[in-house]
Structure formats: C-alpha cells, structure tokens
Amino acid sequence: MNDIKKPVLRAAAAVIALAACALAHAAELPAGTVISAENIDKVKNDTFEGHTIASLLTEKMEWRIRNSGMKVPLAKAKEIPLDPKWVKASAANAGKTKINAETCQVDGWQAGQPFPDIDMKDPQAAEKVIWNWHLGQLSGDLAHAPFFTQVLIDGEKGVHAEPVAEFIRYSMKGRLSGDAVEGDGSERGRQLLYFKAPSDMKGLGTFTVMYDNAKVPDVWAYIPAVRRVRRLSGGAWMDPVGSSDQLQDDLEIFNARPCWYTGYKMLGKRTVLAVAHSKTPLWNRNGKTFEEKYPVLENKAPFWNMNGNVYEPREVYVIEATTPSEHPYSKKVLYVDTKYPRIYYGEAYNRKGEFWKMMEFHSYPAKAEDGFTDVRSAGGAIIDFQRNHATVFLVDSGSWKTNVPGMSQKDFTLQTLQAAGR
Amino acid sequence: MKKRSSTTRPARALLGTAIAFAFALPALPAFADDSNLKVDGYLRQEMSWNMQDWEDTPNYNDRGKLSMARTTARLNLDWKATENVSVVAKLRAVGEVQTPFLRHLEKMGANNYRDGDIMDLYNRNHISDVIRELYVDFTLGDRTRVRLGKQQIAWGETDFFAANDLVHGFDWTWRSFLEPANEELRKANIMAKVNVDVPELDGGLEMFIRPGWDRKSDIGTELEIYGGRWSSQPWAGVDFRNIDPYDYRNDKGDVRDVTGGVRWSGMAGDINYSLSYLKTYWASPIMNGTSKFNGMPGTSPVKTEGRADTNGLFGDIIYPTVDVFGFTASGYADWADAVFSTEVAYIKDAPYNFSSIPGSFGSQVVAPGFDGVKYKDVLAWMIRMDKNLAFTQSLLGTEKPMFFSVQLFDKWIQGYDKDERLLYSVGWGGKAKEHSFLLTGIFGLSYDNGRVRPELVVGTDLSNGGGFAVPSVTVELSKNWRWKVEYDKFWDDEWRDSNKCAAPNASNCDSTTLFGYFHKRDQLYTSLTYLF
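Residues numbered from 1 in each chain as written. Chains lettered and ligands numbered in written order. Predicted model: local features only at pLDDT ≥ 70, side-chain atom pairs only at ≥ 80, totals over all residues. Heavy atoms only, no water.

Colleague: Break down the overall build of chain A for me, citing the residues and quoting the values.
Modeller: Tallying secondary structure elements over chain A gives eight helices and 21 strands in all. By the compact-globule yardstick of 22 Å for 422 residues, chain A fits well, its C-alpha radius of gyration being 23 Å. Dimensions of chain A along its principal axes, counting C-alpha atoms only, are 85 × 55 × 45 Å. By residue count, 60% of the 422 residues in chain A fall in the buried class. Within chain A, contacts between residues separated by at least 24 positions form 59% of all contacts whose residues are at least 6 apart in sequence. Carbon together with sulfur atoms contributes 54% to the accessible area of chain A, which is approximately 16,700 Å² in total. Of note, chain A has its 53 positive side-chain charges centred 1 Å away from the centre of its 50 negative side-chain charges. (Helix = DSSP H or I, 4+ residues; strand = E, 2+ residues; numbered from the N terminus. Rg over C-alpha atoms; globule rule 2.2 N^0.38 Å. Buried < 20%, exposed > 50% of the residue type's maximum accessible area, 1.4 Å probe, protein only. Contact = heavy atoms within 4.5 Å. Areas by Shrake-Rupley, 256 points an atom, 1.4 Å probe, with all protein chains shown as cover. Lys, Arg positive; Asp, Glu negative; His and termini not counted. Charge placed at Lys NZ, Arg CZ, Asp CG, Glu CD.)

Colleague: With reference to specific residues and values, describe the nonpolar core.
Modeller: One finds Leu105, Ile118, Ile347 and Phe468 of chain B to be the most contacted residues of the largest nonpolar core, which totals 71 residues. What Ile347 of chain B contacts, discounting residues up to four positions off in sequence, is Trp282, Val322, Asp323, Val324, Lys376, Asp377, Val378 and Ala380 of chain B. (Core = buried A, V, L, I, M, F, W, Y, C linked by side-chain atoms within 4.5 Å.)

Colleague: Please give an account of the pattern of salt bridges that cites residues and values.
Modeller: Tallied over the full model, the rule gives 79 salt bridges over all chains. Where Asp250 of chain A meets Lys332 of chain A, a salt bridge forms, and the shortest distance between an N and an O atom there is 2.8 Å. Placement of the pair is Asp250 of chain A in the loop between strand S13 (228-232) and strand S14 (263-274) and Lys332 of chain A in strand S16 (residues 329-337), with a sequence separation of 82 residues. Each member of the pair, Asp250 of chain A as well as Lys332 of chain A, carries the same accessibility label: buried. The closest approach of N and O atoms between Arg124 of chain B and Asp171 of chain B, which form a salt bridge, is 3.8 Å. Taken together, the positions of Arg124 of chain B in the loop between helix H2 (100-108) and helix H3 (127-130) and Asp171 of chain B in the loop between strand S5 (144-151) and strand S6 (189-198) put the pair 47 residues apart, joining distant regions of the chain. (Salt bridge = Lys/Arg side-chain N within 4 Å of Asp/Glu carboxyl O.)

Colleague: How would you sum up the pairing of strand S19 (residues 452-461) of chain B? Please name residues and give values.
Modeller: Residue and element names in this part refer to chain B. In the sheet, strand S18 (residues 435-444) pairs with S19 via seven bridges, with the strands oriented antiparallel. Its bridge partner being in S19, Leu438 is matched across the sheet by Asp461. Pairing geometry for S19 and strand S20 (residues 467-476), over nine bridges, is antiparallel. Across the sheet, residue Gly459 finds its bridge partner in S20, namely Phe468. Taking the residues that link successive antiparallel strands as the turn, the S19-S20 hairpin has five residues, and the phi of Gly465 there is positive, at about 85°. (Pairing = 2+ DSSP bridges.)

Colleague: Which residues make up the environment of Glu206 of chain B, and what values do they have?
Modeller: Residues and elements named next belong to chain B. You can see Glu206 is positioned in strand S7 (residues 203-210). Residue classification places Glu206 among the buried residues on the basis of a relative accessible area of 8%. A C-alpha to C-alpha distance of 4.5 Å links Glu206 and Asn195, two positions 11 residues apart in sequence. In contact with Glu206, other than residues within four places in its own chain, are Ile153, Trp155, Lys193, Val194, Asn195, Gly261, Val262 and Arg263.

Colleague: Please provide a residue-by-residue account of the interface of chain A and chain B, values included.
Modeller: Across the boundary between the two partners, chain A contributes 47 residues, which contact 63 residues of chain B. Between chain A and chain B the total buried area reaches about 4,300 Å² when both faces are included, carbon and sulfur atoms providing 42% of it. Applying the counting criterion to the chain A and chain B interface returns 13 salt bridges. Here Asp386 of chain B ties to Arg230 of chain A by a salt bridge, and the two come within 2.6 Å at their closest N and O atoms. Our count for the chain A to chain B interface comes out at 30 residue pairs in polar contact (both at pLDDT 80 or more). Residue assignment for the side of chain A that touches chain B shows that the elements contributing at least two residues are strand S7 (142-154), strand S8 (158-161), strand S10 (187-197), strand S12 (218-223), S13 and helix H8 (414-420) of chain A. Here the residues of the side of chain A that touches chain B sort into 17 nonpolar, 12 polar and 18 charged. (Buried area = accessible area lost by both parts, 1.4 Å probe. Polar contact = N/O pair within 3.5 Å; in protein donor to acceptor, adjacent residues only side chain to side chain. Nonpolar A, V, L, I, M, F, W, Y, C, P; charged D, E, K, R; others polar.)

Colleague: Account for helix H6 (residues 125-135) of chain A, with residues named and values stated.
Modeller: The buried fraction of H6 of chain A is high, at 10 of 11 residues. Among the residues of H6 of chain A, those classed as buried are Ala125, Ala126, Lys128, Val129, Ile130, Trp131, Asn132, Trp133, His134 and Leu135 of chain A.

Colleague: Give a description of the side chain of Glu360 of chain A that names residues and reports values.
Modeller: Residues and elements named next belong to chain A. One can find Glu360 in strand S18 (residues 355-367). Among the polar contacts made by the side chain of Glu360, one reaches the side chain of Arg64 at a distance of 2.9 Å. Here the side chain of Glu360 touches His362 through a polar contact of 2.7 Å, side chain to side chain. Setting aside chain neighbours within four positions, we find Glu360 in contact with Arg64, Met70, Ile253, Met306, Tyr311, Tyr344, Tyr345, Gly379, Gly380 and Ala381.

Colleague: So what's going on with the pairing of strand S10 (residues 259-268) of chain B? Residues and values would help.
Modeller: Residues and elements named next belong to chain B. Here S10 lies mainly inside the structure; eight of its 10 residues are buried. Two elements, S7 and S10, share eight bridges in a ladder whose sense is antiparallel. The residue of S10 that forms the bridge with Leu205 is Trp264. Summarising the sheet, S10 and strand S11 (residues 271-281) pair through nine bridges and their orientation is antiparallel. Residue Gly266 lies in a different strand from S11, and its bridge partner there is Tyr273.

Colleague: Hey, could you go over the environment of Gly234 of chain A for me, with residue numbers and the actual values?
Modeller: Residues and elements named next belong to chain A. By the secondary structure assignment, Gly234 is in the loop between S13 and S14. Classification of Gly234 as buried rests on a relative accessible area of 6%. The spacing of Gly234 and Thr208 is 26 residues in sequence and 8.8 Å in space, taken between C-alpha atoms.

Colleague: Can you lay out the state of the cysteines for me, pointing to particular residues and giving the numbers?
Modeller: All names here are of chain A. Counted under the stated rule, the structure contains two disulfides over all chains. In this model Cys104 forms its disulfide with Cys259; the gap between the sulfur atoms is 1.8 Å. For the disulfide bridge between Cys104 and Cys259, the dihedral angle about the S-S bond is near -85°, and by the sign convention the bridge is left-handed. On the criterion of sequence distance, the pair formed by Cys104 in the loop between strand S5 (98-100) and strand S6 (105-107) and Cys259 in the loop between S13 and S14 is long-range, its members being 155 residues apart. Cys259 sits in the partly exposed class, given a relative accessible area of 28%. (Disulfide = S-S within 2.5 Å.)

Colleague: Break down the confidence of the model for chain B for me, citing the residues and quoting the values.
Modeller: Residue and element names in this part refer to chain B. Residues with a pLDDT of 70 or more make up 92% of chain B, whose mean pLDDT is 91. Low pLDDT, under 50, characterises residues 1-33; the predicted model gives this stretch 59 contacts beyond four residues in sequence or across chains. As scored by the predictor, the complex reaches a pTM of 0.88 and an ipTM of 0.85. (pLDDT = per-residue confidence, 0-100.)

Colleague: Describe the packing of aromatic side chains, listing the residues and the values that go with them.
Modeller: Applying the stated criterion across every chain yields a total of 39 aromatic pairs over all chains. Arranged with centres 6.1 Å apart and planes meeting at 80°, the rings of Trp381 of chain B and Phe437 of chain B form a pair that is edge-to-face. You can see Trp381 of chain B sitting in strand S16 (residues 373-389) and its partner Phe437 of chain B sitting in strand S18, a full 56 residues away along the chain. Within the aromatic cluster, the residues linked to one another by ring pairs are Trp63, Trp304, Tyr349, Phe355 and Phe385 of chain A. Directly above the ring of Tyr525 of chain B sits Arg175 of chain B, whose terminal nitrogen or CZ lies 5.8 Å from the centroid. In this structure, Arg521 of chain B is placed above the aromatic ring of Trp54 of chain B, and the distance from its NZ or CZ to the ring centre is 3.5 Å. (Phe/Tyr/Trp six-rings, centres within 6.5 Å; stacked < 30°, edge-to-face > 60°. Lys NZ or Arg CZ within 6 Å of the ring centre and 35° of its normal.)

So this is what it looks like as structure tokens:
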C-alpha cells in the first residue's frame, strides 16, 4: 500500500510546490498594463484588482488576444453613477412585476428596470436580466446622436466603407421625466435614422415605431432616389442592417423583444474586463488619417480591434439566449453587467453550433441636458470571424445629447421623416 | 439647315465635362466640417452599346456601336441659413461625346428640326437644365413647413409606372425606361409647397401650387421624338417636330396654367394611406391633329383641340391638363411577412389619340394617331408586394435575404368601347384595351458586405405581350467608387415594319404596343461613379 502511495504523494507534493512557486511569482498588475499576445502567457496568473487575468478574460477574448490582435489595456474599476430617478423607479418595481408570456409584456412595470432584484436561483433569472436590458436601460427619454459612423472593415484590407448617420430614439414608455407613458401605451419608443454620407446614401432615412408587445416594429424608409417613403418589412429583425455584419437583433448586442427568443439560461456570474468608462470620442469626424479618425482602433490587420480603449473589471451575468429556428444564429451568449442593464459582449453561434461572431460594445456614463445620468455607447464592434469582416459602430460623442428640452412625440412622426427628405 | 462644324462638337462636350469637374472639385473636402453648408454629389461616366442591329437604320449595323459616352457631375448644396431656413440646390452638368453611332443618327435626320446637332439633345447645360432644383425651406410655427422654388414632388407608391406620380413630366431623352433614380428624370417645376402636420389625426396635409412660371419644355413627359438614341422603333433619325411641333400654349394645356394639388396622408391603424387631388398635365404627349386636311378625298375630319388649327403641318404635340383623384395604402402583413401596397388614380378625361377608318391624311401617310383626341376616364391602379426571401442565404449564398418585389399595374379605361379604336400612343397601331396589365418583378441580392449587388428586374405586358429583363450588378470598388454593369433586354410580340407601312397604309399596317417600341433596342450599359 505504501509503495503505491509514495509516488502519488511525491507527485502531489511537486504540484503543490510548483503552484506555490507560481503564486509566489503572481503579481498585481498596475493599471495601464496592456494584455496582448506577447505577454498573455506571462501575465495570465497575475492579478488585477484581486482577479487573475485568466479569470477576467472570456474564452473568446483570450482567443482574440492570442490569434486576432486584440489588446486589453487595464483600467481601475469605477462605479457607474446610477441616476436617482432611475433607481427610485426601479426599486418601485420590486415584487410588483411579472413576465407575462402570453402578452409578451412585463405586468406591473412602469419605468426603470422591471426586476431590480435578480435571484440566481430563480428559473427566470436570465430572462429577467434580459427584460431589464430591454425596458430598463439608462438611456434617457430622448437620445440623439447627430453623427455616428458604421465602419465596414475587411480583416485583410481594412476600411472599405464608412457611412455617416444620425440617430434619435424617443421613449414612449418607461419615461422618467413627466408622465411615464405617452400615447395609448402600445408603443415602447420611436426611432429616426438619417444617413448623411456617402452621397449615394445621403438622405436615406428610416422611421421605426417599436411596440411594447410581441408585435414587430413598423418601419418606413425615405428613399431619395425615388423621393418617397416606402413601408419596410417589420419582420426583418433577424436580417442584417444594410450591408453590415450586424443583424437588427444585434444593435447594441441584443435588440429583440425578449419573447421572440425561445429561452434563456443563466450560466453564472463572473468578472470580466470590459469598457464601461470609454474614452470619447471614438470617432473624430474631422480626422484625416486612420489614427486621427479612429483614435482607439489599431491601424493594423485586422483593423477592428479597439485596442486603445480602457478595460476595467466588471461583474457580469453570463446568459445563453436561444434563438427561434428561423434565426441565422443558434444561440447568443451575453455578458450583462450585474449593477445596471448593459451588455458588454455577445457571442453568436451559427446553426451548426460553431462560433461565428463576437460583439463588443464600449460605453460611458454622461450627463443629459436635464441633469439625468445616462449611459451612452461610444462604439461597438460586430466581428464576423468566419468571413474575416467587421462592422464597427463609432459615435461622435461630443455632439450626443440626451433629454433635449422642448421635444415631444409630435417631433417624431412619419411626417418628420418626410420633412427631412431632400 | 445650319450645322455646327465637327470640330466644335468635341470642344463642347469637353466643355461639359470641364463644367462637371469644376462642379466637383471645390466640393471634395466639404462634408466633414461643421459648417452650415453641406456639399455632396458625384462624378459619373456612363457608356452604353447597342446589342442588336436596329431595323430602322437601314444600311447601318448598329450592333456593338457605342450609343452613349456621358459624363455627369452632380452637386448637392444644402445651406442652413438660420435655424429655420435652409436653401437647397441640386445641380447637374453633362458632357457627352458624339459617338459614330450618334453621328449616323444625326445624318439620318435626328434633331434636324433645330440645327441638326444631335448632341444638343444630350448636352443640355443651359442654366435651367443645370439647376435641377433650387428652393428655400422654412417653417411657420411648429407644424407648418414651406418650400418655395424649383423642386420635385413625388406622389403615389409605384416607381415604375405613373399613376399618381403625375405632378411632373419625365425627361425620357435621359433614359426612356427603367431609370433606377426617378429624380434624374423628373422635370422639376417652380412651385410653392406647404405641409401642415396634424399629429392629432396621425397625418399631415400637403398642398402645392405651380404658378406656371416654368420653361415651356418643363411640362409633360418628353419622349425622344427627335430620332435619337432613345427614339422608339421605327423612328430612328426622324424628328417629328418637323411636322408636329410642340404646342405648349394650347387651351387644353398651357404652360402658363396654374396647376396644383392637395394630399392628405396619414395612418389608419397600421395602414399608411393617402388621399389626393391633383390638377396637372397629362404626362403622355398627345397628338393634336390638324384640321387642314379636312375635306380632302379619303381623309376623315379631324377636330383640332384647343385652338382653331395647328401650328404644325400635320399637328401639334400637346399636354392637356387632367384632374386626378388619388388613393394609396400600404401596410405590413404579419401573416405573409410582407409589405403590401396599393395605389389608385382616377383620371378624369384622360386624352387618347385614336385611329379612325379611314384615317386622316396624316395618319395615312405618317402613322396612326393624327385623327383627333377622345377623352376617357381612366382608373390606373397598382398592387405590390415587397418581401425578403431568406432562402437565398443558403441557396445562393447571399449575405442577407433577397429583396423581392412584385407589382401588377393596370390602366382601366372607363366606358370602354372597342370601336373607338383608342391608341396607346401616336406612332403605332396598337389599340388600347379596356385593361392594360403590366407585371414587374425585382430580385435584389447582396454579397460581400454590399460590395457586390446583383439585381434582376423583369416585366411583361400581360395584355399585349412582350417584356423586358434587366440583369445588373453594382460593385462598390472602394468607399467612393461604384461600378455598374447592366444589360437591357426587350422582347415583343409585334413591331412596326416601315416597309409595310408606306402611304396610304401608315395607319393600318401594325398593332404594335409598348415593347414593340423597344424592338431590337437591347443595350449593354456600364457606369463608373465617384462619390464625394
């Protein structure tokens, strides 16, 4: 018996000694350290704010660092300031709200996030987190980004298109200024999108009415070449946006009505490196060179890595969302902040179950015109690894305005779209 | 007839091109800054080749001949003068080179009503041509918007066939069929337009008035009756104005007439709808036959419209005004995952030329249609379905579902009487049927993140036979460069054979309808565009 145990004990002792040795060499990395393919093996067991680097990287992040040029500059975690109005409205939902599968609504929800307390043991925990994202974002009642670009990037050749557009979203429900609901309560919000460049897209605009039920949005487009508005298919939520790599469903990683998906699974909680206090702007529209125009993108193949931004440890829920059978993806894995509704990463898998796309969004807290604290997207990348192509959404943050005074639902109608058409 | 020397033509074409570049160059850096002046546009080089030997250019092989080499500069200026006032200008300059094919048409007689220089048809760079649009936009209060100046107004739903899209005529000398951007073809007019939003009723009112200050040539749809590149078979090299010039000051339709319209558009539940009334010029040119030949043996009496007699020897071309009552609707149908649209235009007293037996002298010696005008109420209607077809992603490897659109268009003549022998168009013997159905389909694909976009547009005349197929592919070469290649294929059941139509049988030798006009007019087209 002893003869058998001795080699095992010796081996175990050696392993413990090695581990102890490794821990003895593990260091707390300073902010500003950049994790890259060159140093990942060296720093993997080091820590940052008490977490090992290995634990702060998702499997796909690590894969990107090793194989696709991603670099992750470390930054200290900072609190996201949560607006008191939103906190109050969210707290008021505690114990009063319930997912109604039949109507595809959250009964009892008024404003804020509908499920302020997520119990990991709750079988609906994942779905509730998604509803929080869908209804309870810290986006303000009116978000207006006058300039953003959607850079189309070929992984080998670089940028091949950079259309410029304007975006306005007006909340009709869950409002935190004035009445919580405008209109008859059927609408969740209205959205206007105008393209400004290039010349063959300039003037193209869309007007979307999103509903607070299972109904697909109503969408209209003004088409300058024929000078008229045409109704578009609202059932296109699974289709790509224009010629980009993102589906309508991928706008800010998850854009579907939660009930359109067939199920959600809570895979757990963990801490990952994500951009929650993004540098701004990520797009300088007056820039001449690549570096001037896209301050955080690395001008080196594959050109879509936002290596110049700052990544901080964020605690996230990891959720697997199962798509309907006609969806191009079989599932999405989402990384959602546990403190407020924000999705940092999404992984999309094709129908064969193979890894297909990765989505990464960078955000930052900001002050609205009326003092509300909102959280804005500074940019985001949707990377199609099977086609070696990406769409990078970048905002001219300086011109963004939230809760602009003097605007009402009357300013966001089909007539508004027609009036803008030239 | 005075003709310009051949040395001046390339010079003028080059001048047009120079104008084009002059337009473009100062504009290049203009977009990105924060100024209140926004500038964009394009430079485009277009070329087309005949793909068949035309029947109506005897002793000349048209096949393979370069029919167009056109350089276009487009400049859009949008100046926000104050918070509520904007000034918009859309400018277009053209420089086209005379190809040997065009020279041949010129020799045959194209555009010989004027100075015989065929390039005058295409190098239109007078100030009123260059200024495609120029208007000022401003608001009155928080719900009223005003637009004053030369502008375009597009009503209705259909982009192919005009039912309610009758505010303007179209310039078919630019291209006579399937121009993808109708804005290039519309003859913009000087108008005042007022929009009043009525959100309380989920809609808005649009009213416009055209005071009649336009150039004569800016009303009505202009066909190439000058014998040029887009002339219809068998009229290559024939300038009809020699015998039937335009009459823009006819009592039935005078360029100085005040025209206008009013439209309510709104939402009824999930359905977009509009109701409109329009007083406008009938888009199709109408032959106002002369009465001078009355009383001649073997001819029928012709009643000249709107004046005592015509200016032209055989007649005048007129654009009578009509009243159009319109309705449109469109909506998304969940059950079909498709958008359905419809459009109805009731046109009061739409003018038709007709072919009498025996025909007038003009009809007997030239072509059907010189026998006078009859007025019929017409119900033009359209239904369309737009649908994204996902199966192409697996079947054809498209990056997104194929855009598919199918449209059925009809012109339904009210109080139809076959014996009235109404013509679809002067110049051909095809008699209008009570219903004229046209079916079209669009199949739009996309590959490589929009860098390769094949498209197929097909159509057929269900009532009279014939049709077209236009396969094309647009390639985004880079951020600013676009390249398009297109083939325009036409087929027909019958075409007008001039050999069988010598006088006095000119009015009863054929029954050619729409696609017979394009007999052997197939072309290969390509364009290279630089956007700025």
